[in-house]
Structure formats: structure tokens, C-alpha cells
Amino acid sequence: MSLCPAVLLAALLLAPRPGSAQETPPKPESAAPKVAGVDVPAPKRVKSVPPHYPPEAQALGMRGIVILELVVGPDGKVVSARVTRSVPPFDEPALSAAREWEYAVTKVDGKPVSVVLTVPIEFKMKLPEMSRDEGIPELRQGVVPALPAGAGPDTATVIAEVSLDPDGHVAEARIKSGESPWAESVIQALRTWRFSPVEGQGGLSFDVKVEFTSGSKGGSRVDLRLSSPRRIDGPAAAEAVPPPPAVPAAPPAPSAVATPRPSPAPGSAPPPTPAAPSPAPTTAPSPAAIRPTPPPEELIRNPAGGKPAAPEAVPPAAGTPPATGTPAGAPPGPAVPVTPAPAGPGISAVRDVTLAPGVPDLMKGRRPVAPPLARMQGVSGTVDVRFAVDAAGSATVREVTGPDPLKEAARQTVASWTFRRTTPERLFLAATLTYKGDAASAAVRAQE
């Protein structure tokens, strides 16, 4: 059967041509983000949100720089953010702030594109503005007392007394007047303050007046006034600890230990029996026995630079027999050992620090204080610090063991201590610092 030419021509016209109906246009490839500073200029930030400064970092006076890598979408909003340089207390505040930023749209060939850029975020505390009397050192580090959360529109005044070490660190701060929660805010801020070194010898104390004004329409402010500087270690303080009573020169006294006496010659009268001596010390007391113990208030405030007025040793009085158990001029007898008086514990001029026997006097330094961050986290425990004391009395920390949140505070405390030395040899000591809640104490002993 044959087909007519007309039918064949229609079949050819209606048949689909290869590659015409089945082909679909290729999809455009997704554009990779451009690198700012390499592929495209860095976009300008049009919306910025400052990061929140963590209160625990403020309490420790911490600062740092966090570096982020951001991906900005074609619409200028931050699509993602990740930390490339971490400072743990500040990572989350930096990420939270960066995710709310917006940038100007970046275009390539007239089309919006995504951009990758690196951004550093610096956490730096601004020094508080304050007025201060002449004689008070300049503040080098610290934060403004924060307005208590939920305090509402109100005014409050807090007065605190601050005591500085000679190096400008806050050794002690106490509230003289003021109510909660403003008083707690002041104490937390004072712990972050560091001043220039105090001129002259000794420390310094002064008053800090803080006036809080909180308003519902953004009129909140905190005014600071530092006044009434007072020397901690002045001439009056030096006289607070009286010198020890002078040890009178006692005539030679019989030794408490019986010694052989020469036999009388034949035919001679026996020597007279000496009268019983009145009770009296037979030897000069040891330095530890004559050193006066300062009253409690003097242990807190280091008098006269912390140097006790007691002499280091009392020379034997003229005519005092040598401590051998045999009076001078007597014939030699059997050797009698002399037991030295045990060394008593030294005197600590730093509050909450106790010294074991054999440890020299602690002249000055920081008292143990629980770190604010550890208190917030409920961390307690003990830290052992091994350190050396040189001929000048300065402490050099050699080893610190204990819970990590407490180790740095313990190290700084021990490193600030100065001991009274009378010999040039290095002395190796160990301190155990105990932290429990808000309380802290230290016990110093000789290394085993």
C-alpha cells in the first residue's frame, strides 16, 4: 500500500524536531559571596547595635577584642556570624550585637551580591568621670557604678571609704552610708578600680560619694566625688605601737641547771650557803617574747610601714654569763645542752592572714578576697601557692594549684605581700588560701 505524497508531507511537518521541545534553558549558577577588601570594597555599616558589657567582666576589670566573620546577604542584613578570635566573656555579646547590624547593599554589574567581611569588636571600659581632691591619685582603670536594675525613677546617695595600697590597688572598701541595692553596686564597681601609685610612703584612704539619679525619660546619671584624703601610715600611726620595754641589764644569776662546785680544801671552813635568790629570769628573753602584739586595729592598718618597733635581738647585758649552763669563773663541768626558745608565729599586718611559727612578719599586701566571678558561679575551695621571699621581703610566686576561677586571685594576692627580712637568704614559703562564699582567708607556713 502506497501513501500519497500529500500524506507524507504532512507527517514530516508534524514530527517533532530533535532537541527542540525536550531542551530546557540552563539554570543560572548561584553566585558565591564576595570577599570584602579583595573582590569588592568593604560595605558601610548603616545600622549598628553596641554589644552588652557582661557584668561579671566589669567586676573583674576585664577587656578584650573579639574578631568575627560575617556574611552579609544581598539585602545588606547579616546572614551569619562566627567567632574567629575568642575572648570567652565577650563572645556571645559580640555575636548577639553583630546579628542585628545592617550594611549598605553591595552590587556587582548592577546586581546585589553577598559579602564576607571580618570585623573586630573591642570591649573597653570607659573611665568614669569624677571630681577628686588634691592628693588623691588619678584613676587608671575601673567602671562607673551601674544603676541597679528595677530601681525606678529615684535618687540615692552612697558614701564609701576606700583604702589604697602604695601601688594604687584598692586594698579595702567599706560602705559608710547608703542603702541596698545601690550600696552593692558601688562595692562591685570599686573592686575594678586601679589608681596611680600613691606618692610618698605608705597607703592612702579617702571617701567616695556616689549620687545616683535615675529617670524614666533617659535622664539617668551617676556622679562621683572623691574627697578627704588621709594617710594610712603617718607619724601618728607609727606611734600607735609602743616600743617594747627596755630589758634591764641583770646581774649574773646562777644557772637553773646544777653544776659541780669545787670541794673545799682540807681544814678550811665550808663555803657559806648562798641565800635563795628571788625569782628572776636567768636569761634574757627571746625576741619573740618581748615583741608586743599590736591591737586588732593595728593588724588591719599597717602602722609605720608595717615595721614592728621591737628589735630583732637583745644583746646580752654586761656580765651576763654565756648560755652554757656554767657560771663564769667556775671550773668546767659536764656539758649541758641549751635548748633554744621556739620561734613564735610572726605578726601579720594584713587582715585574714595568719602566720605559722618560723614565718617572718607580714608587713603589707592585699588581704584575701573572693573573686566576684567565682562568687557569682558559687565556686568555693582552697588554693595552694608556693612562693619565695627574697632579701628585700618581696614575694615571687612559683606554683599555684587549685580551682581555676580562684587561682589568679590567689596568685595576685600572694604576689603583693612584703615580709620583714633580717637575713639575705631566700626563704621558701607556702600559703593556703581558703575561699567560701564571700569569706576568704590565708594561712602561711614554711615549705616542707
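Note: the structure precedes this text.
Please read all numbers here as calculations on a predicted model, not as lab measurements.

The rules we used
- Residues numbered from 1 in each chain as written.
- Predicted model: local features only at pLDDT ≥ 70, side-chain atom pairs only at ≥ 80, totals over all residues.
- Heavy atoms only, no water.
- Helix = DSSP H or I, 4+ residues; strand = E, 2+ residues; numbered from the N terminus.
- Core = buried A, V, L, I, M, F, W, Y, C linked by side-chain atoms within 4.5 Å.
- Buried < 20%, exposed > 50% of the residue type's maximum accessible area, 1.4 Å probe, protein only.
- Contact = heavy atoms within 4.5 Å.
- Salt bridge = Lys/Arg side-chain N within 4 Å of Asp/Glu carboxyl O.
- Pairing = 2+ DSSP bridges.
- Axes fitted to C-alpha atoms, helices over the stretch in contact; angles between N-to-C directions.

A. Structural context of unusual backbone geometry. Backbone torsion omega between Ser-180 and Pro-181 reads 5°, so that peptide bond is classified as cis. Note on placement: Pro-181 falls in the loop between β12 (170-177) and α4 (182-190). Despite not being glycine, Ser-228 has its phi angle at roughly 55°, a positive value. Here Ser-228 shows up in strand β15 (residues 221-231).

B. Fine view of the nonpolar core. One finds Leu-68, Leu-70, Trp-101, Tyr-103, Trp-193, Phe-206 and Phe-212 to be the most contacted residues of the largest nonpolar core, which totals 47 residues. Those residues within four positions of Leu-68 in sequence are excluded, and the remaining contacts are Arg-82, Val-83, Thr-84, Ala-94, Leu-95, Ala-98, Leu-117, Thr-118, Val-119 and Ile-121. Formed by 26 residues, the second largest nonpolar core is a distinct cluster that contains Ala-370, Ala-395, Ala-410 and Ala-442.

C. The pattern of salt bridges, seen in detail. For the coordinates displayed, the defined rule picks out twelve salt bridges. Its salt-bridge partner being Asp-207, residue Lys-176 comes within 3.4 Å of it at the nearest N-O pair. In this pair, Lys-176 sits in strand β12 while Asp-207 sits in strand β14 (residues 204-214), placing the two residues 31 residues apart along the sequence. Here Lys-176 falls in the partly exposed class, since its relative accessible area comes to 41%. Notably, a salt bridge pairs Lys-209 with Glu-211, separated by 3.4 Å at the nearest N-O pair. Owing to a relative accessible area of 34%, Lys-209 belongs among the partly exposed residues under this scheme. Several salt bridges converge on common partners, so that one network encompasses Glu-161, Arg-174, Lys-176, Asp-207 and Arg-230.

D. Structural view of α4. Counting buried positions along α4 yields seven of nine residues, so the element is predominantly enclosed. If you check which residues of α4 are buried, you get Trp-182, Ala-183, Ser-185, Val-186, Ile-187, Ala-189 and Leu-190. Considering only its buried residues, α4 is in contact with β11 (154-164), β12 and β14.

E. Here's a closer look at the sheet that holds strand β22 (residues 439-446). With mixed pairing, the five strands of this open sheet are ordered in space as β16-β22-β21-β18-β19. If you trace the sheet from one side to the other, it starts and ends with β16 (353-355) and β19 (395-401), each paired once. Across the sheet, the mean angle from the axis of one strand to that of its neighbour is 25°, orientation sign disregarded. Two strands pair when backbone bridges link them, and β16 and β22 are joined in this way by three bridges, in the parallel orientation. Within β22, the residue paired with Val-353 across the bridge is Ala-442.

F. Inspection of the environment of Gly-168 at higher detail. Within the secondary structure layout, Gly-168 lies in the loop between β11 and β12. Among the residues examined, Gly-168 registers a relative accessible area of 1% and is labelled buried. Between the C-alpha atom of Gly-168 and that of Leu-204, which follows or precedes it by 36 residues, the distance is 8.8 Å.

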